[in-house]
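Given next are the chains, with one letter for each unit.
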Amino acid sequence: MKIGLQNSRYDDLSLFQELTFAKINKADFFDIFFDGFMPSDITPEEFALIKEMKKEGFTFTVHLPIAVDECSEKDLLSLADFAAVINPETVTVHFDKLTWNLLEKLISLFSAETKLCIENTIPDNNSHYNLCYLEFMKKAVEKYYIFSTFDTGHCNVNQTILYKSSSGNIALFAEMLLKNGIKIATVHNHDNAGSSDAHGYIGSGNINFNSFYKLLSEYNQTPMLVIEHWNNNIKSLENLKKILNVFN
């Protein structure tokens, strides 16, 4: 499994600085999260660095804007055009406001070589259809070639607060997805104690990452592993490598 870093609006760094940080620290890939900006906001210097990293064998994933349902046709086209240039392994969209029409639009816009992934969110409910993530995904994989982006922190908060079950044991929910034929192509890795979406480093909360990655190994899942939080990225990188070494 490949481990990558992600840009964040909370760390006061430019995209150029974050890409450079990932390169220096030998991440396997970089997740470009369009959180508060669009491809047109990427500077020529940043775009040149992205293309340079691509030539060096670096790969990318893309996280679409959280409010992708509010994006204009022009915005969606610009995201698709950007993806066509960098050829991301996966593209992630949040599930809570996703409609079937929007999902079909995204499928039509992005290359079939890129795995389109739907992410579990807090709360565990799609506002259009009143479906939980599991039920939504069961319908999605019946209709489309689609994958899961499994967010570890979101799962733990929903299990602890909404379903009041086994805080920390996110492998329980992951196995439900896998048993229903829902493949996990991306994982957003961050930790919490179940009470809030703290986006802490791996080891700062109560999430059992060992049992989770043991399960993925047993199901032959090889997702892209994004470290998705705002500080101590290197600590998470080190901790995640230790966990994965057990199952390799």
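For the structure itself, look to the data block above.
In this text, all values refer to a predicted model and were calculated from it rather than measured experimentally.

K.L.:
Can you break down the packing of aromatic side chains residue by residue, with the values?
P.N.:
Using the criterion set out here, one finds 14 aromatic pairs in the structure. Ring plane angle 55 degrees and centroid distance 6.2 Å describe the contact between Phe47 and Phe82, whose orientation is recorded as tilted. Of this pair, Phe47 sits in helix H2 (residues 44-55) while Phe82 sits in helix H3 (residues 73-86); the two residues are 35 residues apart in sequence, bridging distant segments of the chain. Between Trp100 and Phe136, the aromatic rings sit 4.5 Å apart at their centres with planes inclined by 5 degrees, giving stacked as the arrangement. Note that Trp100 is positioned in helix H4 (residues 100-109) and Phe136 in helix H5 (residues 133-143), a separation of 36 residues in sequence. The buried category is assigned to Trp100, whose relative accessible area is 13%. Taken together, the ring pairs in this structure connect Phe95, Trp100, Tyr129, Tyr133, Phe136, Tyr144, Phe150, Phe173, Phe212 and Tyr213 into an aromatic cluster. Positioned above the aromatic ring of Trp100, the side-chain terminus of Lys143 is 4.5 Å from the ring centre.

K.L.:
Give me the lowdown on the nonpolar core, citing residues and values where you can.
P.N.:
One finds Ile118 and Tyr213 to be the most contacted residues of the largest nonpolar core, which totals 70 residues. For this core, the element with the most residues is H3, which contributes six residues.

K.L.:
So what's going on with the pattern of salt bridges? Which residues, and what values?
P.N.:
This model, assessed by the stated rule, comprises eight salt bridges. The salt bridge involving Glu52 is made with Lys23; its shortest N-O contact spans 2.8 Å. Of this pair, Glu52 sits in helix H2 while Lys23 sits in helix H1 (residues 15-24), and the two are 29 residues apart along the sequence. Classification of Lys23 as partly exposed rests on a relative accessible area of 31%.

Cut-offs used in this document
Residues numbered from 1 in each chain as written. Predicted model: local features only at pLDDT ≥ 70, side-chain atom pairs only at ≥ 80, totals over all residues. Heavy atoms only, no water. Phe/Tyr/Trp six-rings, centres within 6.5 Å; stacked < 30°, edge-to-face > 60°. Helix = DSSP H or I, 4+ residues; strand = E, 2+ residues; numbered from the N terminus. Buried < 20%, exposed > 50% of the residue type's maximum accessible area, 1.4 Å probe, protein only. Lys NZ or Arg CZ within 6 Å of the ring centre and 35° of its normal. Core = buried A, V, L, I, M, F, W, Y, C linked by side-chain atoms within 4.5 Å. Salt bridge = Lys/Arg side-chain N within 4 Å of Asp/Glu carboxyl O.

So far we have only geometry, and geometry alone does not tell us how the molecule works.
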